[in-house]
Amino acid sequence: MSWKETAEPILVRMPAVRSPEGHVPFRRKLAWTAGTLVLYFFLSNIYLFGANQGSDIFAQFRSILAGGQGTVLQLGIGPIVTASIVLQLLGGANLLGIDTEDPRDQALYQGLQKFLVLVMICLTGLPMVFAGGFLPADPQLAQTLGVSLGVIKWLIFFQIAVGGVLILLMDEVISKWGVGSGLGLFIVAGVSQKLIGGLIAVPGITGQNSGILTTWVRILIGDVSVGSPFTAYGLQSLIFGVGELLPLFTTLLIFGLVVYAESVRVEIPLSHARVKGARGKFPVKLIYASVLPMIFVRAIQSNIQFFGQLLHSQLRDGLPTWLGVYNSNGQPIDGLFYYLNPIHSPQQWMWWAGAAGHSPWQILLRVFIDLVFMIAGGAIFSIFWVETADMGPKATANQILNSGMQIPGFRQNPKVMERVLERYIPQLAVIGGVLVGLLAVLANMLGTIGGVSGTSLLLTVSITYKLYEEIAEEQLMEMHPVMRQMFG
């Protein structure tokens, strides 16, 4: 008996959102999407009952994980992403034996993914609650209710587990009934909040530091002194200091580069096999695998840092110095976990300004490891994404032939078309992954508006661009129902 036959009774009974039976009108899709986003914002502002605010172990990756420290959505999309990584690795090694074109295997695959998400919720949530300092239970509440701290801790874990399941179901609602990807929209929602706050935040009202636009208004009216721009101090203050011109320039540069890269493509000419004169083009974009594989890379880095902080919280002085040395804020300042911790701001690598507190060779080694991790990870996970998302040469060739199209001058044969597509898709997937990884590290090193990480900014721009394309396609299908029938 295979593992599929053994696990099928459990996997097919995993909680799922019912799929629509027919076409969902565009306005209804927008309504489902907007309603789910409102629910996401609502849940991200519900704080955990019985928990005191501890150290945010995912602070540097918070915008990518689309969660909220101390809230019901404490875990964010982390368990979903980690489960997807495990499935991609198993699928890439062909250990699952699942045929994604078989409806029965598709149901098993989706059930297996949800089961792994539940496992990851436990593996991530339990250490957060029961390991010291991450989500400490409130002793006063335990005394008031007349229960032990252990009961309060299990109550906290139950809340974040429910939040992890809810975000899984909300992602499925948007995927089946809405527009775009739920995970992508949650990331965009969280990053947009930070970008808006970084632009217009007013100290004392929003509880944040002053936004860039707010700061410049105060500079112009004389409330903030920056010195003369013709002096070294004044210029440094405007670019790196209170003026924050470098983060503003970096953000605009990343926006422009990602939008330009999304528009760069190789267009393969197509013609209809039966309808003469009917021609088209199949675009193979420079960022063919999109920016989403970067979530996987950053998720691995966040899990490494989580493991390091977990060891530090448990061993304290017993942790070997070569493995990691941590400061009072729980951040690695030396050892292996320091070098594996990605750069998140200019202050972490500008040693000539005296802000980093490390030797130049240590900082350069950390930057080099971050670059290698992001570039190699971007290329590897782009290939995995292309193959598992049915975007590879073989799957794409079958999709084109099933639509009745073919490449002029070549036989209408899947193998022939696959060989043609192999000239472009694998190469562009790797190039796109390398480019995105390089841009993510560059944005982190230069800084962005609101302290948003470079990967989060890349994801936001790319997801928003693709959402715009999908909305335009949905509107086109609504106006021309024949096209919807043609493209399925």
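Residues numbered from 1 in each chain as written. Predicted model: local features only at pLDDT ≥ 70, side-chain atom pairs only at ≥ 80, totals over all residues. Heavy atoms only, no water.

Regarding the overall build of the protein
Right, so step 1: Across its full length, the protein carries 19 helices and five strands.
Right, so step 2: Out of the 488 residues belonging to the protein, those deemed buried represent 46%.
Right, so step 3: Within the protein, contacts between residues separated by at least 24 positions form 67% of all contacts whose residues are at least 6 apart in sequence.
Right, so step 4: Accessible surface, the protein as shown: approximately 24200 Å² in total, 64% of it carbon and sulfur. (Helix = DSSP H or I, 4+ residues; strand = E, 2+ residues; numbered from the N terminus. Buried < 20%, exposed > 50% of the residue type's maximum accessible area, 1.4 Å probe, protein only. Contact = heavy atoms within 4.5 Å. Areas by Shrake-Rupley, 256 points an atom, 1.4 Å probe, with all protein chains shown as cover.)

Focus: a nonpolar patch on the surface
Right, so step 1: A contiguous nonpolar surface patch, about 650 Å² in accessible area, is contributed by Phe49, Leu145, Val147, Val151, Leu155, Phe158, Val162 and Leu166.
Right, so step 2: Ranked by the residues each element gives to the nonpolar patch, the list is headed by helix 7 (residues 149-177), at five residues.
Right, so step 3: By relative accessible area, which is 31% here, leucine 166 ends up partly exposed. (Patch = residues over 30% accessible without salt bridge, like charges linked within 9 Å, V, L, I, M, F, W, Y side chains within 5 Å. Salt bridge = Lys/Arg side-chain N within 4 Å of Asp/Glu carboxyl O.)

Considerations on a positive patch on the surface
Right, so step 1: Taken together, the side chains of Lys394, Arg411, Lys415 and Arg419 define a basic patch exposed on the protein surface.
Right, so step 2: Locating arginine 411 in the fold gives a position in the loop between strand 5 (405-406) and helix 16 (414-421).
Right, so step 3: Arginine 411 gets classed as exposed once you look at its relative accessible area, which sits at 58%. (Lys, Arg positive; Asp, Glu negative; His and termini not counted. Charge placed at Lys NZ, Arg CZ, Asp CG, Glu CD.)

With respect to the confidence of the model for the protein
Predicted coordinates in regions of low pLDDT should not be interpreted in detail.
Right, so step 1: Looking at the protein as a whole, the pLDDT averages 81, with 90% of positions reaching at least 70.
Right, so step 2: Least confident of the elements in the protein is helix 19 (residues 481-487), whose mean pLDDT is 51; most confident is helix 7, at 91. (pLDDT = per-residue confidence, 0-100.)

Looking at the packing of aromatic side chains
Right, so step 1: One pass over the full model with this rule turns up nine aromatic pairs.
Right, so step 2: Ring geometry for tyrosine 40 against phenylalanine 186: centres 4.8 Å apart, planes inclined by 15°, an arrangement best described as stacked. With tyrosine 40 in helix 2 (residues 26-43) and phenylalanine 186 in helix 8 (residues 182-200), the pair connects residues that are 146 residues apart, well separated along the chain. Side by side, tyrosine 40 and phenylalanine 186 carry an identical accessibility label, which is buried.
Right, so step 3: Residues phenylalanine 381 and phenylalanine 384 carry aromatic rings whose centres are separated by 6.3 Å and whose planes lie at 50° to one another, so their mutual orientation is tilted. (Phe/Tyr/Trp six-rings, centres within 6.5 Å; stacked < 30°, edge-to-face > 60°.)

Here we look at the packing of helix 15 (residues 393-402) against helix 16
Right, so step 1: Between helix 15 and helix 16, the least distance of the axes is 8 Å, while the angle of their chain directions is 125°. Relative to helix 16, helix 15 is oriented oblique. Remark: the crossing between helix 15 and helix 16 carries right-handed chirality. Seen from helix 15, the contacting residues are Pro393, Lys394, Thr396, Ala397, Asn398, Ile400 and Leu401; seen from helix 16, they are Pro414, Met417, Glu418 and Leu421. (Axes fitted to C-alpha atoms, helices over the stretch in contact; angles between N-to-C directions. Parallel < 35°, antiparallel > 145°, perpendicular 65-115°, else oblique. Left-handed = near helix turned anticlockwise from the far one by under 90°.)

What about the environment of valine 441?
Right, so step 1: Here valine 441 shows up in helix 17 (residues 425-446).
Right, so step 2: With 96 residues separating them along the chain, valine 441 and serine 345 place their C-alpha atoms 9.9 Å apart.
Right, so step 3: Non-local contacts of valine 441, meaning those with residues more than four positions away in its chain, are made with Asp370, Leu371 and Met374.

Some thoughts on the sheet that holds strand 2 (residues 279-285)
Whether parallel or antiparallel, the strands of a sheet pair through hydrogen bonds between backbone atoms.
Right, so step 1: Across the sheet, which stays open at both edges, the three strands sit in the order 2-1-5 with antiparallel pairing between neighbours. Bordering the open sheet on either side are strand 2 and strand 5, each of which pairs with just one other strand.
Right, so step 2: Direction of pairing for strand 1 (residues 265-272) relative to strand 5: antiparallel, over a ladder of two bridges. Bridged to serine 271 within strand 5 is glutamine 406. (Pairing = 2+ DSSP bridges.)

Here we look at the environment of leucine 238
Right, so step 1: By the element assignment, leucine 238 lies in helix 10 (residues 232-239).
Right, so step 2: Residue class for leucine 238 comes out buried when judged on its relative accessible area of 11%.
Right, so step 3: Remark: the alpha-carbon pair of leucine 238 and glycine 227, spanning 11 residues in sequence, is separated by 8.8 Å.
Right, so step 4: Apart from residues no more than four positions distant in its own chain, leucine 238 is found in contact with Trp216, Val226, Pro229, Gly243, Glu244 and Leu245.

Observations regarding the nonpolar core
Right, so step 1: Formed by 103 residues in total, the largest nonpolar core has its most connected members in Ile77, Ile167, Phe186, Phe282, Leu421 and Leu458.
Right, so step 2: If sequence neighbours within four positions are ignored, phenylalanine 186 has contacts with Thr36, Leu37, Tyr40, Ala66, Ile77, Ile167, Met170, Asp171 and Ile174. (Core = buried A, V, L, I, M, F, W, Y, C linked by side-chain atoms within 4.5 Å.)

Describing the pattern of salt bridges
Right, so step 1: Counted according to the given criterion, the structure contains five salt bridges.
Right, so step 2: Across the salt bridge formed by glutamate 262 and lysine 285, the nearest N and O atoms sit 3.7 Å from each other. Separated by 23 residues along the polypeptide, glutamate 262 in helix 11 (residues 245-263) and lysine 285 in strand 2 bring together distant segments of the chain. Accessibility classification places glutamate 262 together with lysine 285 in one group, the buried group.
Right, so step 3: Arginine 298 is the partner of aspartate 370 in a salt bridge, and the nearest nitrogen-oxygen pair spans 3.6 Å.

What to know about the environment of isoleucine 471
Right, so step 1: Mapped onto the elements of the fold, isoleucine 471 is located in helix 18 (residues 454-479).
Right, so step 2: Sequence separation between isoleucine 471 and valine 179 is 292 residues; the distance between their C-alpha atoms is 7.3 Å.
Right, so step 3: Each residue touching isoleucine 471, except ones within four places of it in the same chain, is listed here: Phe26 and Val179.

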